[in-house]
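# Fold and geometry: a report
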Amino acid sequence: MTPLLALAPIMLAIALLVLKQSSWIAATAGVITACLAVVFFFPTPMSVLLTSGADYFPLILEVALILLFGMVLARLLEAAGSMREISAWVESAAPSRALGVALVVFGLVPFAESVTGFGIGVTIGVPVLRLLGCSLRQSAILGLLGLIAVPWGALGPGTTVAAALAGLGVDELGVATAWINAIPVIIVAASVILIMRPGLVSYLGIAAAAALMWTGILAASIVIGMAPAGIIGSLLVIAVMGALFIIRRRRTGFTRQLGIAVLPYATLTIGLLLARALQAALPSLLTQIVASPPFWLAVACLIAALTVVSRGTVITSAIRSWTPIGAGTAAFMLMGWIMTTSGMSTAIGSLVPAGLVLLTPWLTATGAVITGSNTGANSMFTGTIDAVATNSHASALPVVAAGNAAGSLAALAAPPRVAMSVQMAEPSTPASANDIGWVQGRSLVVAGANALCLGIWIQFMA
């Protein structure tokens, strides 16, 4: 009976989300239910809660700030016309539709997503795909497939949460996720090829772009760390493919406006890398703050704001949009912490028969489809996944990494994200229910195939 009671916070949150309640309402209800369960069924010493909370609560603040500055940066860049400049360059430089699609799916969308999160990469990629001549449905699904680097989206708060709840090092989990993310990358690359049906040269170009992104993220995760890995891996694709496009056309297409458009991104990337090197050489509280993702996101926001006339209005609008998202994410993180610290997640893990670790990727995949966020999915299920790994006598690291990779890609199938993608493909008219249904179905197939393959892989490895 006790393990079933431990499920109550998650089931209540899921039920409210299915009933289309706001994420912060669902998460808050889950937190309250979890607190009641701790009081009556899972008593936990106050000393344990205080010690664990002292380590975890700063993480909640950091994630909230990453989400805030990421959203502000996205709104400022949109208002400044930066995305239009970048989109126009891709459209003019790509020598073929298929290779342009490869640049968008494995370069442009993952890069924007790694910097800002929130599915912002989709809002950038889908219009470019339309300019490249893709149909409405093709543009919508291809834009969603570009969310292949979500474990590192917004500099990786979802992966950070998973590491904290499983008691793993964040860079350690980042490397493990990068290795296993080869499976989602292969599935996405195969999906792009099936959709585009390219010739041999473009076929090889798509495969090479996917391999380059995966290799770049893996290498950056090993050498530099988790947070900037998505930026570096996707930037590598943009740099290499962009250089090849320029060599072929014998002109760069670079303008002053394009340089201004990419300056905030360049500042964020270079500043974060240099600050992390400084922290490694001179570890202190000051260098730790300077090397944190929120710090450089805030710097990028300041630079982007210089080119926006109505910056006050834009920032205020972004903060208003962030409030329910930030509150919901913080509440989901709090619920996950309560359940993990009190032993509720371990009790839920006991419901899964020992040895069936192949089921764990489905937990975070389901959570991501429902919450639309790998951070929310990891907050809800990482403790349970860790418990299942322990009960199955399997190493927690690859099991949690598989869950992280499964939930991250499954976020593309979240209904609000699908609807946004379809609407971006044809912003002048209301999104068609048939188009949304078509894209939703294929998104679920991709998410399900990914969870299935990751489950089989992790079962074999365990």
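That block above? That's the structure.
Only a predicted model underlies this, so the values are computations on that prediction, with no experimental measurement involved. Just so you know, the residues in each chain are numbered from 1, in the order the chain's sequence is written. Where totals are concerned, whole chains, interfaces and linings use all residues; where local detail is concerned, this predicted model gives features only for residues with pLDDT of at least 70, and gives and counts side-chain atom pairs only at 80 or more. In computing side-chain properties, one takes all heavy atoms of the structure into account and sets aside hydrogens as well as water.

## Here we look at the overall build of the chain
Of regular secondary structure, the chain possesses 23 helices and zero strands. Our radius of gyration looks at C-alpha atoms and nothing else; its globule reference is 2.2 Å times the residue count to the power 0.38. A globule of 462 residues ought to have a C-alpha radius of gyration of about 23 Å, and the chain, at 21 Å, matches this closely. The principal-axis extents of the C-alpha atoms in the chain amount to approximately 70 × 45 × 45 Å. By definition in these notes, contact holds between two residues if any of their heavy atoms fall within 4.5 Å. Pairs at least 24 residues apart make up 82% of the contacts formed inside the chain by residues separated by at least 6 positions. For the chain, the exposed area adds up to about 18400 Å²; of that, 71% sits on carbon and sulfur atoms. Segments assigned H or I by DSSP are reported as helices when at least four residues long, segments assigned E as strands when at least two residues long, and all are numbered from the N terminus. Using a 1.4 Å probe, accessible areas were evaluated by the Shrake-Rupley method; residue-level cover was limited to the displayed protein chains.

## With respect to the nonpolar core
Put simply, a nonpolar core is a bunch of buried Ala, Val, Leu, Ile, Met, Phe, Trp, Tyr and Cys residues held in one set by side-chain atoms that sit within 4.5 Å of each other. The classification of residues rests on relative accessible area computed with a 1.4 Å probe and restricted to protein chains. Under 20% of the type maximum is buried, over 50% is exposed, and intermediate values are partly exposed. Within the largest apolar cluster, 161 residues are counted, with the highest numbers of intra-cluster contacts made by Phe-106, Leu-142 and Val-192. Among all residues touching Phe-106, those that are not within four sequence positions of it are Val-188, Ala-189, Val-192, Ile-206, Ala-209, Ala-210, Met-213, Ser-234 and Val-237.

## Describing helix α22 (residues 415–425)
At 3.6 residues per turn, the α-helix brings residues three or four places apart onto the same side. Within α22, the full set of buried residues consists of Arg-417, Val-418, Ser-421, Val-422 and Ala-425. Buried residues of α22, viewed axially, fall in a sector of 135°; they line one side. Those residues of α22 hidden inside the fold are in contact with α7 (120–131), α8 (136–145) and α23 (433–461). The arc in question is traced by the directions running from the helix axis to the C-beta atoms.

## Details of the pattern of salt bridges
When a carboxyl oxygen of Asp or Glu is within 4 Å of a side-chain nitrogen of Lys or Arg, the pair counts as a salt bridge. The final tally for this structure, using the stated rule, is one salt bridge. Where Asp-435 meets Arg-137, a salt bridge forms, and the shortest distance between an N and an O atom there is 2.8 Å. Placement of the pair is Asp-435 in helix α23 and Arg-137 in helix α8, with a sequence separation of 298 residues.

## Things to note about the side chain of Thr-341
Of note, Thr-341 is situated in helix α17 (residues 311–342). On the basis of relative accessibility, which here comes to 19%, the residue Thr-341 falls in the buried class. By the criterion applied in these results, polar contacts are pairs of N or O atoms within 3.5 Å in which, for protein atoms, one can donate a hydrogen and the other can accept it, and in which residues neighboring in sequence qualify only through two side-chain atoms. For Thr-341, the side chain forms a polar contact with the main-chain oxygen of Trp-337, separated by 2.8 Å. What Thr-341 contacts, discounting residues up to four positions off in sequence, is Thr-44, Val-48, Leu-49 and Ser-52.

## Here's the deal with the packing of helix α21 (residues 396–410) against α23
Fitted lines through C-alpha atoms serve as axes, helices being fitted only where they are in contact, and the angles separating the N-to-C directions of these axes extend from 0 to 180 degrees. Following both chains from N to C, one finds α21 and α23 inclined at 170°, their axes separated by 9 Å at the closest point. It follows from the interaxial angle that α21 and α23 lie roughly antiparallel. Judged by residue contacts, Pro-398, Val-399, Ala-402, Ala-405, Ala-406, Leu-409 and Ala-410 of α21 engage Val-446, Ala-447, Asn-450, Ala-451, Leu-454, Trp-457 and Ile-458 from α23. Any residue outside Ala, Val, Leu, Ile, Met, Phe, Trp, Tyr, Cys, Pro, Asp, Glu, Lys and Arg is labelled polar, Gly included; the first ten of those are nonpolar and the last four are charged. In the contact of α21 with α23, the residues fall into 13 nonpolar, one polar and no charged. Small angles under 35 degrees read as roughly parallel and large ones over 145 as roughly antiparallel, with 65 to 115 read as roughly perpendicular and the rest as oblique.

## Quick notes on α7
The set of residues buried in α7 consists of Gly-121, Val-122, Ile-124, Gly-125, Val-126, Val-128 and Leu-129. Contact partners of the buried residues in α7: α5 (82–93), α6 (97–116), α8, α14 (256–281) and α22. Just beyond α7, the residue with positive phi is Gly-133, at close to 100°.

## Things to note about the side chain of Asp-435
Exposure remark for Asp-435: the relative accessible area of 16% places this residue in the buried category. Look past the residues within four positions of Asp-435 in its chain and what remains in contact with it is Leu-136, Arg-137 and Val-422.

## So, the environment of Phe-111
Tracing the backbone shows Phe-111 in helix α6. For the pair Phe-111 and Gly-230, spaced 119 residues apart in sequence, the C-alpha separation works out to 6.8 Å. Each residue touching Phe-111, except ones within four places of it in the same chain, is listed here: Ile-231, Ser-234, Leu-235, Ile-238, Tyr-265 and Thr-269.

## As for the environment of Ile-187
Assignment of secondary structure puts Ile-187 in helix α11 (residues 182–196). The class of Ile-187 is buried, set by a relative accessible area of 15%. Not counting the four nearest positions on each side in its chain, Ile-187 is found in contact with Val-446, Ala-449, Asn-450 and Cys-453.

## Notes on the packing of aromatic side chains
Aromatic ring pairs: the centre-centre distance and the angle between the two ring planes describe each pair. Aromatic rings from Phe, Tyr and Trp, taking only the six-membered ring of Trp, are treated as a pair when their centres fall within 6.5 Å; an angle between ring planes under 30 degrees marks them as stacked, one over 60 as edge-to-face, and anything in between as tilted. In total, this model carries four aromatic pairs according to the counting rule given. An angle of 75° between the planes, with centres 5.3 Å apart, marks the rings of Phe-295 and Trp-296 as edge-to-face. For Phe-295, a relative accessible area of 32% corresponds to the partly exposed category.

## Things to note about unusual backbone geometry
Of note, the phi angle at Arg-197 is positive, near 50°, even though the residue is not glycine. By the element assignment, Arg-197 lies in the loop between α11 and α12 (200–223). Among the residues examined, Arg-197 registers a relative accessible area of 69% and is labelled exposed. Even without being a glycine, His-393 presents a positive backbone phi close to 55°. Residue placement: His-393 occurs in the loop between α20 (374–391) and α21.

## A look at the environment of Arg-417
Mapped onto the fold, Arg-417 is located in helix α22. On a C-alpha basis, the gap between Arg-417 and Thr-177 in space is 23 Å, while along the polypeptide they are 240 residues apart.

## A few points about a nonpolar patch on the surface
Taken together, the side chains of Ile-32, Leu-36, Val-39, Phe-40 and Phe-41 present a nonpolar region at the surface, about 540 Å² in accessible area. The residue Phe-41 is located in the loop between α3 (23–40) and α4 (46–80) in this model. Patch members must show over 30% relative accessible area and no salt bridge, and they are joined within 9 Å when carrying like charges or within 5 Å when they are nonpolar side chains of Val, Leu, Ile, Met, Phe, Trp or Tyr.

## Overview of the packing of α5 against α7
Relative orientation of the contacting elements α5 and α7 amounts to 35°, with a least axis distance of 10 Å. Where α5 crosses over α7, the handedness of that crossing is right-handed. Contact residues: α5 offers Met-83, Ser-87, Val-90 and Glu-91, while α7 offers Ile-124, Val-128 and Leu-131. A breakdown of the residues in the contact of α5 with α7 according to their chemical character gives five nonpolar, one polar and one charged. Each crossing gets its hand from how the near helix is turned against the far one by less than a right angle, where anticlockwise is left-handed and clockwise is right-handed.

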